[in-house]
Amino acid sequence: MNQGSDHLDRVIDLLSKMPGVGKKSAQRMAYRILELPNEYAFELSESIRALKEKLRYCSRCFNFSSAELCLLCADTRRDPSLLCVVEDASSIKNIERSARYLGLYHVLQGVLSPMHGIGPKELRYDELLDRVAQGSYDEVILALNPTVEGEATASFLAESLKLRNVKVTRIATGIPMGGSLDYCDDVTMASAMDNRRPMN
Ligand SMILES: [Zn+2]
């Protein structure tokens, strides 16, 4: 094995740690980086470095931020009566893309998982309760992923927030838009049926 392939293997190995990227995709990416101009590769590595060096957690919502408060918390046009709880910061990007929600967020930084030793203390749970106690929220929307752990966490949060005099809702789950009932798994089908809404 020559030295060149050592470098290549290292990049492939590092890239393959990314979610959804297997060895083969990592290999294609690494070769693509080699083909692209130097500037691209240097900007890529620099931007990743800046990401780690410049970003920290927003002190209010625990989204990533380059300042004490993230851009969303600092934006006075956001509706301060709505609070949307998400599992991780990347969920915020997805919800923002929908342009359907104009309230504030709270990043839980995970979900309860007793099997992996993750309890409320490992999450931004106390911070959530403090925010709800101190804020004037009309509604807390639980937008956790529809997994077994996400569902259990949503139930736990709903129970915890019961006494706080705030309406708690859960985002709907079900058949994806453009999807077909033929390809729908049993759990999704059951959830779609449970979450049906009136039409008249
Ligand atoms: Zn924030």
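Structural notes, computed from the coordinates. (Residues numbered from 1 in each chain as written. Predicted model: local features only at pLDDT ≥ 70, side-chain atom pairs only at ≥ 80, totals over all residues. Heavy atoms only, no water.)

1. Examining the overall build of the protein chain
Then comes step 1: A tally of regular secondary structure across the protein chain gives eight helices and six strands.
Then comes step 2: Against the globule reference of 16 Å for 200 residues, the protein chain gives a C-alpha radius of gyration of 21 Å, more extended than a compact globule.
Then comes step 3: Put simply, the protein chain has 200 residues, and 31% of those count as buried.
Then comes step 4: Pairs at least 24 apart in sequence give 46% of the contacts found in the protein chain among residues at least 6 apart.
Then comes step 5: In the structure as shown, the protein chain presents an accessible area of about 14,300 Å², 56% of it carried by carbon and sulfur atoms. (Helix = DSSP H or I, 4+ residues; strand = E, 2+ residues; numbered from the N terminus. Rg over C-alpha atoms; globule rule 2.2 N^0.38 Å. Buried < 20%, exposed > 50% of the residue type's maximum accessible area, 1.4 Å probe, protein only. Contact = heavy atoms within 4.5 Å. Areas by Shrake-Rupley, 256 points an atom, 1.4 Å probe, with all protein chains shown as cover.)

2. So, the coordination of the zinc ion
Then comes step 1: Only Cys58 (SG), Cys61 (SG), Cys70 (SG) and Cys73 (SG) from the protein reach the zinc ion as donors, at distances of 2.3 Å.
Then comes step 2: Each of the four donor atoms around the zinc ion contributes to a set of angles spanning 103 to 117 degrees, which defines the coordination as tetrahedral.
Then comes step 3: Written as a sequence motif, the donor arrangement for the zinc ion is C-x2-C-x8-C-x2-C. Highlighted residues: cysteine 58 in the loop between strand E1 (56-57) and strand E2 (64-65) and cysteine 70 in the loop between E2 and helix H4 (71-74), separated in sequence by twelve residues. (Donors = N, O, S within 2.8 Å, 3.2 Å for Na, K, Ca; no water. Tetrahedral: all angles 85-135°; square planar, octahedral: opposite > 155°, others 65-115°.)

3. Quick word on a nonpolar patch on the surface
Then comes step 1: Taken together, Leu51, Leu55, Tyr57 and Phe64 make up a surface patch of nonpolar side chains, about 380 Å² in accessible area.
Then comes step 2: Considering the arrangement of structural elements, one finds leucine 51 in helix H3 (residues 38-54). (Patch = residues over 30% accessible without salt bridge, like charges linked within 9 Å, V, L, I, M, F, W, Y side chains within 5 Å. Salt bridge = Lys/Arg side-chain N within 4 Å of Asp/Glu carboxyl O.)

4. Examining the nonpolar core
Then comes step 1: Counting residues in hydrophobic clusters, the biggest one holds 18 residues, and the most contacted among them are Leu83, Val85, Val132, Val140 and Leu157.
Then comes step 2: With four residues, helix H6 (residues 125-134) is the single largest residue contributor to this core.
Then comes step 3: Core analysis: the second largest hydrophobic core is formed by 16 residues, Leu72, Leu82, Tyr101 and Val107 among them. (Core = buried A, V, L, I, M, F, W, Y, C linked by side-chain atoms within 4.5 Å.)

5. What about the packing of aromatic side chains?
Then comes step 1: In total, this model carries three aromatic pairs according to the counting rule given.
Then comes step 2: For the pair tyrosine 101 and tyrosine 105, a centre-to-centre distance of 5.2 Å together with 65 degrees between the ring planes defines the contact as edge-to-face. As far as the burial class goes, tyrosine 101 and tyrosine 105 line up, both buried.
Then comes step 3: An angle of 40 degrees between the planes, with centres 5.2 Å apart, marks the rings of tyrosine 125 and phenylalanine 156 as tilted. Highlighted residues: tyrosine 125 in helix H6 and phenylalanine 156 in helix H7 (residues 148-161), separated in sequence by 31 residues.
Then comes step 4: Tyrosine 125 sits in the buried class, given a relative accessible area of 11%.
Then comes step 5: Lying over the aromatic face of tyrosine 57, arginine 124 brings its terminal NZ or CZ to 5.9 Å of the ring centre. (Phe/Tyr/Trp six-rings, centres within 6.5 Å; stacked < 30°, edge-to-face > 60°. Lys NZ or Arg CZ within 6 Å of the ring centre and 35° of its normal.)

6. Let's talk about helix H5 (residues 89-98)
Then comes step 1: For H5, the complete set of buried residues consists of Ala89, Ser91, Ile92 and Ile95. Projected onto a plane normal to the axis of H5, the buried residues spread over an arc of 140 degrees and lie on a single side. When the buried face of H5 is taken as reference, the exposed residues oriented beyond 90 degrees from it are Lys93 and Arg97.
Then comes step 2: Check the buried side of H5 and you find it contacts E2, H4, strand E3 (79-86), strand E4 (103-107) and strand E5 (139-143).
Then comes step 3: Alanine 99, located one to two residues past H5, shows a positive phi value of around 55 degrees. (Arc of directions from axis to C-beta.)

7. Regarding the pattern of salt bridges
Then comes step 1: Applying the stated criterion across every chain yields a total of eleven salt bridges.
Then comes step 2: With its nearest N and O atoms 3.2 Å apart, the salt bridge here joins aspartate 126 to lysine 121.
Then comes step 3: The class of aspartate 126 is partly exposed, set by a relative accessible area of 35%.
Then comes step 4: One salt-bridge network, held together by shared partners, links Asp13, Lys17 and Lys23.

8. Considering the sheet that holds E4
The strands that make up a sheet are held in pairs by hydrogen bonds between backbone atoms, and each pair lies either parallel or antiparallel.
Then comes step 1: Ordered by their spatial adjacency, four strands build an open sheet running E4-E3-E5-E6, and the pairing between neighbours is parallel. Both edges of this open sheet fall to E4 and strand E6 (167-170), since each of them pairs with a single strand only. Across the sheet, the mean angle separating the axes of adjacent strands is 25 degrees when strand polarity is ignored.
Then comes step 2: One ladder, built from four bridges, connects E5 with E6; its direction is parallel. Note that in E6 the partner of isoleucine 141 across the bridge is threonine 169. (Pairing = 2+ DSSP bridges. Axes fitted to C-alpha atoms, helices over the stretch in contact; angles between N-to-C directions.)

Nothing here speaks to function; it is all geometry.
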